[in-house]
Amino acid sequence: MPAVSKGDGMRGLAVFISDIRNCKSKEAEIKRINKELANIRSKFKGDKALDGYSKKKYVCKLLFIFLLGHDIDFGHMEAVNLLSSNKYTEKQIGYLFISVLVNSNSELIRLINNAIKNDLSSRNPTFMCLALHCIANVGSREMAEAFASEIPRILVAGDTMDSVKQSAALCLLRLYKTSPDLVLMGEWTSRVVHLLNDQHMGVVTAAISLITCLSQKNPDEFKTCVSLAVSRLSRIVSSASTDLQDYTYYFVPAPWLSCKLLRLLQCYPPPEDGAVKGRLVECLETILNKAQEPPKSKKVQHSNAKNAILFEAISLIIHYDSEPNLLVRACNQLGQFLQHRETNLRYLALESMCTLASSEFSHEAVKTHIETVINALKTERDVSVRQRAADLLYAMCDRSNAKQIVAEMLSYLETADYSIREEMVLKVAILAEKYAVDYSWYVDTILNLIRIAGDYVSEEVWYRVIQIVINRDDVQGYAAKTVFEALQAPACHENMVKVGGYILGEFGNLIAGDPRSSPLVQFNLLHSKFHLCSVPTRALLLSAYIKFINLFPETKATIQEVLRSDSQIRNSDVELQQRAVEYLKLSSIASTDVLATVLEEMPPFPERESSILAKLKKKKGPGAVSVAELEEGKREGGELNGGADRGADTGAMATSNASTPSPSADLLGLRSVAPVGSAAPSTGSLLVDVFSEAGPAAPSAAVNDDGFLRFVCKNNGVLFENQLLQIGIKSEYRQNLGRMYLFYGNKTSVQFASFTTTVSCPGELQSHLNVQTKPVEPLVEGGAQVQQVLNIECLTDFCDAPLLNIKFRYGGALQNLTLKLPVTINKFFQPTEMTSHDFFQRWKQLSQPQQEAQKIFKASHGMDTEVLKAKLLGLGSALLDNVDPNPENYVCAGVIQTKGQQVGCLLRLEPNAQAQMYRLTLRCSKESVSRRLCELLAEQF
């Protein structure tokens, strides 16, 4: 790089910076800056032409002012003019200004591109490097379009200087990360790969970053790099520290390049060529051997460089998982780090051993360190290290040590950091289930878990213990006895009350023979907790009480007295009030046989994947289980007879034959739990499909309204689905208010980054519809599902629909998707029942031409009576029977509720089966509503 001459000191800039630093207040600084901006503006607009030095000085001042946080709206053209200078310092300042202040939408971008092209073709290495740095710093799509085809040529050209090659490789990497579709290597692939053989280590170091990134996306095209990488790694590992003097860091030869080579090899399976594989194994053994040698320096930089290579080599050994000797040696090496005084090394050792524990070759070697890991869990000061220790215990657990590990994790839970308790609870629950041979031990463990960390026990955990108890006849009596004893504690967590209420309601008769747990004692014990619980738990307890009446007729009078009390039948919560009233009536009028049928014992749950495993899979960080572990968990945990992914539905307790979800079924069930009869998700998908009525949606383009019309007459289903993303929707409406739940499911195994959603109301819709959204998590893990809630208020009638825009990064590429949300005017229907006389009287009143909309159209679907009725009911209005003189016709009535007014609507659908035609007539008190409803409905039949 050229030396800066004495005349380039820019004294005026130094004086200005000094003045700014000497300002006593913010006001003084702003005053000085405004004075300088006025001076610069006058110089730029003056008649006298400025020389290059003056332009450079003033542009530098503008740049400094911008970095202080002030807006700069002039000087861009002067900076562009500096690019054409032949002086290095002037050109450098011009490129610096452009990199910082010029955006990709600037009108000057064409002039800038021309200047860059001139510098790239100048063959002046200094100017070429400045141009490449500018392209990389801006990194816009426009830059990629202009130079993506030019930079590979510079990179592989034989006459390009080494410093330019380094800049070109890193510039190309930057463009590939921002616009991968524009950077097409094609004919340059083999020549780029052969840069690994370049004699200049700097070129190799820059090129390998580019090759690694390209290999991750196109492994087959770059697979020839494996042998070259092994060859280069072998030369570095076998070299002495004096052989690569310029690239030796504290006696470690080329540590950064070594790490990058090892990381590149992790993109590929073990080499098939025996000679290459043997050479690589030799390199890895040499790295492990060097780790055992005494350090050549006591400085921390030496140990950091040495350990960086070691950990990357161990990662490669774990990735290959094919060399038992290397895996065991790696495990032993990591074991030495577990008690190292350096916290970071202990953390990395625990993290790497978590992965080693999943290998059949090294699992037993990892288990030998169990005492050290348990000690780390108890004594480590750093919470992140303790979390990794817990992860390692989870990973090394098997049948031989399950009880010991679960006991230690339970013991640690009492003092564990709040940030990791929920994950610890999930892991304890999974291990207890997965390795339970004695089911009484499993029940004891889960109840102990609820006692110790009840606030962190999710619904999935206590659902799961109930599912297993119901499916295992041999543990039901023990579970009832144990939960009865647990409920006798003065302070009892609400989750324990839920489990107790459910199990005693089902199996309390198994312990009723003992006077200490007689039916009345059981009831009094449960009811003593009633006033301390939340509404959902009270609802569950009421269901347990009605079960008691069936199990223990002698408790009927006592329980009816409780249900009859004002605190129940006049409860302010409609759910509890309705349960009390209905259960009281059921127990009063139903015969013993009917009661026994309605309240019979819950049937076994169907076998499905444990919902606890799915929940843990969504947890972030290295502690989360992999898909492979989930599959293993399903296989080994299968002996627990029925891992049903169904909630402990209190309504299902009360009525066990409910097989499909319905509005009335939900009166007895908690709204948060899944329907009893919901089918298992397909094994081909990592997502749990919560939409029972929806089939798979077809892939669609970026702007999509295909799913819109499918939701005119229904509220739940899959709105959009492609190979990456599934978007489900569940919505409910009451009067002029609605709530919509959007479920975003990541169908891949790769994390979605920068995940953002925006709901907008185009045009006049903003004044017709008010939509409030809750933000969604910016990261969506592979196979995970996140939920977003939308609150909708209808201010007045509308025709358009809100738009949902979704943006996220998948594998570095930005994905952008816009969908039409199915919010239509009919969602705000309130059904109105009418007699035939009232209907036609109102029909005649709405006889003005503008109040009627009519359409005659060809049937696009089969004219099935039940399907037609289902669609008309899904419309939201009331379907009126025996109103129209022609029994083949359908008539509906309803009122559309908006914040400002109510719009009455009458509908008449006249099918002609012979001609396969329909005549649809809408009459509404508002013209725009008639037209819109007619348009929407004509597409449904």
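Refer to the structure presented above.
Residues numbered from 1 in each chain as written. Predicted model: local features only at pLDDT ≥ 70, side-chain atom pairs only at ≥ 80, totals over all residues. Heavy atoms only, no water.

1. Digging into the pairing of strand 4 (residues 717-721)
For a regular strand, side chains alternate in direction, first toward one face of the sheet and then toward the other. Burial runs high along strand 4: five of the five residues are buried. As defined by bridge partners, strand 4 adjoins strand 5 (residues 725-734) across four bridges and the pair is classed as antiparallel. The residue of strand 5 that forms the bridge with G717 is I729. Taking the residues between adjacent antiparallel strands as the criterion, strand 4 and strand 5 are bridged by three residues. (Buried < 20%, exposed > 50% of the residue type's maximum accessible area, 1.4 Å probe, protein only. Helix = DSSP H or I, 4+ residues; strand = E, 2+ residues; numbered from the N terminus. Pairing = 2+ DSSP bridges.)

2. Examining unusual backbone geometry
The backbone of F251 shows a phi angle near 70°, a positive value even though the residue is not glycine. On the secondary structure map, F251 appears in the loop between strand 1 (248-249) and strand 2 (252-253). For F251, a relative accessible area of 43% corresponds to the partly exposed category. Even without a glycine there, the phi angle at A254 is positive, about 45°. With respect to the helices and strands, the residue A254 is situated in the loop between strand 2 and helix 14 (255-265).

3. A word on the packing of aromatic side chains
Considering all chains together, one arrives at 21 aromatic pairs under this definition. Here the aromatic rings of Y249 and Y250 are separated by 4.9 Å at their centres, their planes lie at 75°, and the arrangement is edge-to-face. For Y250, a relative accessible area of 31% gives the class partly exposed. These aromatic residues form a ring-pair network of at least three members: Y744, F752, F755, F808 and Y810. One cation-aromatic arrangement involves K91 over F127; the distance from NZ or CZ to the ring centre is 4.6 Å. (Phe/Tyr/Trp six-rings, centres within 6.5 Å; stacked < 30°, edge-to-face > 60°. Lys NZ or Arg CZ within 6 Å of the ring centre and 35° of its normal.)

4. Some thoughts on helix 1 (residues 11-21)
Restricting attention to buried positions, one finds in helix 1 the residues L13, F16, I17 and I20. All buried residues of helix 1 project into a common sector of 95° when viewed along the axis, lining one side. On the buried face of helix 1, the contacting elements are helix 2 (26-45) and helix 3 (52-67). (Arc of directions from axis to C-beta. Contact = heavy atoms within 4.5 Å.)

5. Points about the packing of helix 29 (residues 535-551) against helix 30 (residues 556-564)
Close contact between helix 29 and helix 30 brings their axes to 9 Å; oriented N to C, the two are set at 150°. Relative to helix 30, helix 29 is oriented roughly antiparallel. Relative to helix 30, the crossing made by helix 29 is left-handed. Where helix 29 abuts helix 30, its residues L542, Y545, F548 and I549 lie against K556, I559, V562 and L563. (Axes fitted to C-alpha atoms, helices over the stretch in contact; angles between N-to-C directions. Parallel < 35°, antiparallel > 145°, perpendicular 65-115°, else oblique. Left-handed = near helix turned anticlockwise from the far one by under 90°.)

6. Digging into the environment of H837
Mapping H837 onto the fold places it in helix 38 (residues 836-845). Residue class for H837 comes out exposed when judged on its relative accessible area of 58%. With 46 residues separating them along the chain, H837 and V883 place their C-alpha atoms 8.1 Å apart.

7. Here's the deal with the environment of V281
If you trace the backbone, V281 turns up in helix 15 (residues 274-292). Look at V281 and you get buried, because its relative accessible area is 19%. Between the C-alpha atom of V281 and that of E323, which follows or precedes it by 42 residues, the distance is 8.6 Å. If near-sequence neighbours (up to four positions away) are discounted, V281 is found in contact with E323 and L326.

8. Things to note about the pairing of strand 5
Within strand 5, seven of the 10 residues are buried, which leaves it mostly tucked inside the rest of the structure. Where strand 5 lies against strand 6 (residues 737-746), 10 bridges are found, and the strand directions are antiparallel. Within strand 6, the residue paired with K730 across the bridge is Y741. Connecting strand 5 to the antiparallel partner strand 6 that follows it, the hairpin turn spans two residues, and Q735 within it adopts a positive phi of roughly 55°.

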